[in-house]
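# Architecture and fold: a report
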Amino acid sequence: MTTTVHLATPPVEVACCRDLALLAPKFRATLERVFAQMKAKGHDPVVAETLRTRDRQRFLYGFGRTYDDGRGVVTMSPDAMATWHGFGLAVDVISASMEWNAPESFWRDLRELATAAGLTSGDDWDRDGVAAGPDPDERFSDRPHVQWGPPMKRSPSPRAAELYRTGGMTAVWAEVGAL
């Protein structure tokens, strides 16, 4: 016998931030170059989200767990300090005209151009050139997600949170070479 779980309707949305000025300087500059290359290929990339507050991250984490509107699980990170979005080192990119429903060519080009620029794509976390969907060593795909690349790990360590606490975002940016 299967049990159907009925999740609550999502609460009022916590506003997201799209301000590129809040990103680490080198990350922002690299992202802008990737966008120019995407536009040269006929795409219309736009940042859907940059810096995340703790309230926003908690709101997103509730999807597929406490409430849902059909999106399912939106993020694996329960707290903003557990994602590079909380440090100004990650963004979500979508199509200006088609939003989250961009064609496969948009996601492929985003993945390839971001990786070529030294960034990490949520569609190729291990940066081996194989998209997360067919790649057996990838746990999940987050195609819109792009973050600063090595030496950063996929998710922030407790050291990143400590640097943030003692020196702010610029201390974290300096540590990963994105200042």
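The rules behind the values
Residues numbered from 1 in each chain as written. Predicted model: local features only at pLDDT ≥ 70, side-chain atom pairs only at ≥ 80, totals over all residues. Heavy atoms only, no water. Helix = DSSP H or I, 4+ residues; strand = E, 2+ residues; numbered from the N terminus. Buried < 20%, exposed > 50% of the residue type's maximum accessible area, 1.4 Å probe, protein only. Contact = heavy atoms within 4.5 Å. Pairing = 2+ DSSP bridges. Axes fitted to C-alpha atoms, helices over the stretch in contact; angles between N-to-C directions. Arc of directions from axis to C-beta.

## Observations concerning the side chain of His-85
On the secondary structure map, His-85 appears in the loop between helix H2 (54–61) and strand E2 (90–95). Among the residues examined, His-85 registers a relative accessible area of 2% and is labelled buried. If we skip the residues at most four places from it in the chain, His-85 touches Glu-49, Thr-50, Leu-51, Arg-52, Ala-90, Val-91, Asp-92 and His-145.

## With respect to the sheet that holds strand E3 (residues 120–121)
The four strands are arranged E1-E2-E4-E3 in an open sheet whose pairing can be described as antiparallel. Because the sheet does not close on itself, it has two edges, and the strands there are strand E1 (45–49) and E3. By the bridge criterion, two bridges tie E3 to strand E4 (residues 145–147) in an arrangement that is antiparallel. Within E4, the position partnered with Ser-121 by the bridge is Val-146. Sheet strands touched by helix H1 (residues 25–40): E1, E2 and E4. Its angle to E1, the strand with the most contacts, is close to 140°. Those strands touched by helix H3 (residues 104–116) are E1, E2, E3 and E4, and its axis lies near 145° from that of E2.

## Points about H2
Residues Arg-56, Gln-57, Phe-59 and Leu-60 constitute the buried set of H2. Around the axis of H2, the buried residues are gathered within 160° of arc, so they sit on the same side. Packed against the buried residues of H2 are E1.

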